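Fold and contact review
Below are the chains, spelled out letter by letter.
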Amino acid sequence: MNTQLKHIFKPLTLRHKTLRNRITFGAHTANMAEQGLPGARHRGYYLERAIGGAAMIVVEPIPVHPTAVLTRGNFKPGCDSVIEPFRQLTGACQEQGAVMIQQLYHVGQHGDADNSFAPNWSPSGMPSYHDSDGSHAMTEAEIETIIEAFIQAARRCQLAGFDGVEIWAAYHALLDQFWTPWSNKRNDRWGGSLENRTRLSRQICTGIREACGDDFIIGLAVNDEPDYDVALSRESLAEIIARHDRDELIDYVTCGTGSYLDFYKLMPTVFYPENMGADLATVLNSAVSFARIQAESHIRTPENANNVIASGQADMVSIVRGQIADPHLVNKARENRVEDIRSCLSCNQMCWGRRSRDYWISCLINPSAGREFEWGGDRFSLAPVSRRVLVVGGGPAGLECARVAAERGHRVTLCEASGELGGQFRLAGMQPRRGQILQLMEWYATQLDKLGVDVRYNSPMGSDEISEFSADAVVLATGSQPAGTGYQKALPHLTTLPGVHRGNVWSVEDVMSRRARLGQQILLLDEGGNWRGCGTALHLTEQGYQVTVITPDAMVGKELSRTAADYPLRKALKRAGVKFIVESGIQEWTASGARIISFLDSEETFIPADSLVLATANMADDWLTQELAGHNSDVELHSIGDCVASRQAPYAFHEGRKLGLQL
Ligand SMILES: Cc1cc2nc3c(=O)[nH]c(=O)nc-3n(C[C@H](O)[C@H](O)[C@H](O)COP(=O)(O)O)c2cc1C
Ligand code: SF4
C-alpha cells in the first residue's frame, strides 16, 4: 500500500455500501449500447476499470424518457429489456469489488431531435444550446410523467443489480433548468421560490427512495459555472443542495465543471487548470451534514486526488479520462507503481472526440478502450512461443508495438534513427501546453526498460542491416514525411504550389524540430485544422513571430472542434495576435509573400510574408517497406502506422497495439 497516497485509500461508507477507496469512475456517455442494450463492448469496458481498482463506477446515463434520448448509443428509455443485460454487467463488476451506480438523465431543452425524434421538453420553452431547435414548456401532467419516468428508471436499475443511481442535475439539464431562475420562468408550483424550483428534483428523490428502499444509493450530479451570470452561483447551488440534504434525500453530490453555456470546461483540455471540480466541492462540503461530496473534472492523477481529499475539499474524487487512459490507475497507485500509470493527455481526441461524432468512445493512448472484450482488456498474456522481434522506428506505432510484444514475452529490439523516442508525436509534445506528451514518452522509456526491450538510438536501419539481424518478425514503423510540394486539397488542380521552389518554405516538422530558418512574418497554411498547424502557430507566436494562419475551412481549428479544444485554442491564438484568413487558398508563393484566393468570391489579395509554413498532409515514408518487399526474403514483415498512410497519432497507437497482440 502506498502511504504517500494514504488519503485515497481510506474506505468510505455510502449508505449500505463501503467503497474500497476514494477514487470513482464517474459518469460519461461511452455511447456503447447496441440496439439500445448493453453488450460485450460495454461490459468489457466497465469490467476493466473494476478490475483496475475503481471503488465506484457510475455507468453511462440512461435517458429516462423518449424526449431525453441524446445519442445513437443511448440505452432504451422506459423499457424493461435493459434489465437482464445490465445484470450481467453489474454482477461482473461487483465481483471485482466495485460499487455500481447508474446515471439517469434528461437533458431538457438541449436535446437532439436527430436521435430522439421528439420535441425537447423544458420548464419555460427556452431554446436549445445544443442546436438550433426550440423547446416545449412542460405541462403539469408532463412534469408528473417525468417524475414517474425517473422513479421507474431507478426501479429498473435496482432490478438490474445496481447499488444506486445518480440523478443528473448538471450542466443545465432538465432538473437544473428548473432550479435556475433564468430558464425557469414559471409562476405555478414548479417555479418562483426555491421551494418551488427544487420541487421536481426533491419529488424524484423522494419517489426513488420510496420505490427502492433504504439500501439504495441516490447521488446527484451538479456543475460549477462561475463564468456566466445567468447560471447558478456556487452559493445558490449550496442553498439548493442544503435543501436536499436537510431531508436526507441524497447520499452524495458530484461536482463537475462547465455546462451547455460553456462546453469547453466540461471535459477540460490542456487549456484549463487541474482539479477544477474541487472549488465547488469545497463550497458544497460546508453546506451539507448528511451527503458526501465528490469532486470531478481534470483531477487526472492519484496525486491530485489525494491532495483534494487530504485538504478536506471533498470526500471522494472521480477520475474519468484518467481511467479511460489507464484502467488500472487505482491499483497501480495502491501498489506504489505510480510511474507505471499511463497518464491522460487531456486531449479529448478519442474520448469526447468520438462521442461528439456519435461513435463509441476510445482513447488516443489506450487503444484497448472500447475493445477490451476482443483484446483481453488492457492486460497481456504470454505468446505461445517467444520470438525475436525487430521494430524499426520509435514513434507511437513502433513504441506501442515493441511494448506490447515485450509484455507478451517476445525478445524485442527497437531501432530508432534519431537520438530520442516519439517521432513526430514528440514534436507535438514541444508545442505550448502539450508537455504531457513528453511525459508519455518518458513512460514508454520506463516501460521498455522494465520489459528489457533493447532500445538502440541513432540506429537507422537499411534493408541489408535488417536482413542481417535475422529476426523472426520485422515491424516497420518508419513514419511519414512532409510532402514538400505545397499541394493543397482545396486547389486539387495544382499538383505543386506555384513558387514552392523559390525558398523560405518549411514544414511544421521543420519548425518544431528547429531546422527552419524563419523570417519575422510567417504565413502558415493549415489544411488539417488540428494541433499540427494550430499548435505550431501558437508555438511561433510564443517565439515572437508574427503569424497569419490561412485555411480552406470556415474556421481555424475546424477538426479540433470535435475535441472541444478549438475555441480555447482560437482564443489563445487571437490573444497572441495571430491573424486568420479562412475559406481561402494560396495561388502562388513569391518567396516574399503569397497570392491568396478567397473561395467565397474568388477575390485575390497579396499577403507579404518572409516564410511560408505548410501544415498539409504528409506522405508515407515507405521506401524501406518497398525495398524489403523486393528482397524476396522469407522474414515475416509488417508495416504499421504512418509508413502505411499518414494519419493522426491514435491510429499509430492502435496499429502498434493490434500487431503487438498478434505477433
Ligand atoms: C466522452 C465523455 C462523455 C461524457 N458524458 C457525460 C455524461 O453523460 N454525463 C455526465 O455527467 N458527464 C459526462 N462527461 C463528463 C465527465 O463525467 C467528467 O465530468 C469530465 O470528463 C471531466 O472529468 P475528467 O477530467 O476526470 O475526465 C463526459 C465526459 C467524456 C470525456
Ligand atoms: S483520448 Fe486523450 S483525453 Fe481522452 S482519455 Fe485518452 S488521453 Fe485522455
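Described below are features of the structure shown in this document. (Residues numbered from 1 in each chain as written. Chains lettered and ligands numbered in written order. Predicted model: local features only at pLDDT ≥ 70, side-chain atom pairs only at ≥ 80, totals over all residues. Heavy atoms only, no water.)

**Quick word on the layout of surface pockets**
By volume, the second largest pocket is sized at about 350 Å³. Looking at the second largest pocket, it is lined by 17 residues, and the ones nearest its centre are Tyr 272, Tyr 567, Pro 568, Lys 571 and Arg 575. Elements represented by at least two residues in the lining of the second largest pocket include exactly α20 (531–542) and α21 (566–575). Residues of the lining of the second largest pocket, tallied by class, amount to ten nonpolar, no polar and seven charged. (1 Å grid on protein atoms, 1.4 Å probe; cavity = no way out; pocket = protein on both sides within 12 Å on 5 of 7 lines; lining within 4 Å. Points joined across faces, edges and corners; volume = space filled by probe spheres on them. Helix = DSSP H or I, 4+ residues; strand = E, 2+ residues; numbered from the N terminus. Nonpolar A, V, L, I, M, F, W, Y, C, P; charged D, E, K, R; others polar.)

**Focus on the sheet that holds strand β9 (residues 217–224)**
One closed barrel accounts for eight strands, arranged β3-β4-β5-β8-β9-β10-β11-β12; its pairing is parallel. The average undirected angle you get between the axes of adjacent strands in this sheet is 30°. Where strand β10 (residues 252–257) meets strand β11 (residues 292–296), four bridges bridge the pair, whose relative direction is parallel. Bridge pairing links Cys 255 to Ala 295 in β11. Contacts from helix α4 (residues 140–159) reach β5 (99–105) and β8 (164–168), with the element oriented near 155° to β5. Running at roughly 170° to β8, helix α7 (residues 199–212) makes contact with β5, β8 and β9 of the sheet. (Pairing = 2+ DSSP bridges. Axes fitted to C-alpha atoms, helices over the stretch in contact; angles between N-to-C directions. Contact = heavy atoms within 4.5 Å.)

**Quick word on a negative patch on the surface**
On the surface, a cluster of negative charge is made up of Asp 464, Glu 465, Glu 468 and Glu 627. If one sorts the elements of the negative patch by residue count, helix α18 (residues 463–469) sits on top with three residues. Position of Glu 465 among the secondary structure elements: in helix α18. (Patch = residues over 30% accessible without salt bridge, like charges linked within 9 Å, V, L, I, M, F, W, Y side chains within 5 Å. Areas by Shrake-Rupley, 256 points an atom, 1.4 Å probe, with all protein chains shown as cover. Salt bridge = Lys/Arg side-chain N within 4 Å of Asp/Glu carboxyl O. Lys, Arg positive; Asp, Glu negative; His and termini not counted. Charge placed at Lys NZ, Arg CZ, Asp CG, Glu CD.)

**So, the sheet that holds strand β25 (residues 611–615)**
Strand order in the open sheet made by the five strands is β18-β25-β19-β20-β21, with parallel pairing throughout. One side of each edge strand has no neighbouring strand; the edge strands of this open sheet are β18 (505–507) and β21 (579–581). Each adjacent strand pair in this sheet contributes to an overall mean axis angle of 25°, direction not counted. Across five bridges, the pairing between strand β19 (residues 521–526) and strand β20 (residues 546–550) is parallel. Paired with Gln 521 across the bridge in β20 is Gln 546. Together, β19, β20 and β25 form the strand contacts of α20, whose direction differs from that of β19 by roughly 165°.

**Here's the deal with the site of ligand 1**
Surrounding ligand 1, one finds 19 residues, the nearest of these being Ala 27, Thr 29, Trp 168, His 298 and Arg 321. Between an oxygen atom of ligand 1 and a side-chain N or O atom of Trp 168, the distance comes to 2.8 Å. His 298 places a polar main-chain atom, nitrogen or oxygen, 2.7 Å from an oxygen atom of ligand 1. In isolation ligand 1 offers 600 Å² of accessible surface; the protein chains occlude 97% of this area. In a pocket analysis with a 2 Å cut-off to the grid points, ligand 1 is assigned to the largest cavity. Residue composition of the shell around ligand 1, by class: eleven nonpolar, five polar and three charged. (Near = heavy atom within 4 Å. Polar contact = N/O pair within 3.5 Å; in protein donor to acceptor, adjacent residues only side chain to side chain. Sits in = over half its atoms within 2 Å of the grid points.)

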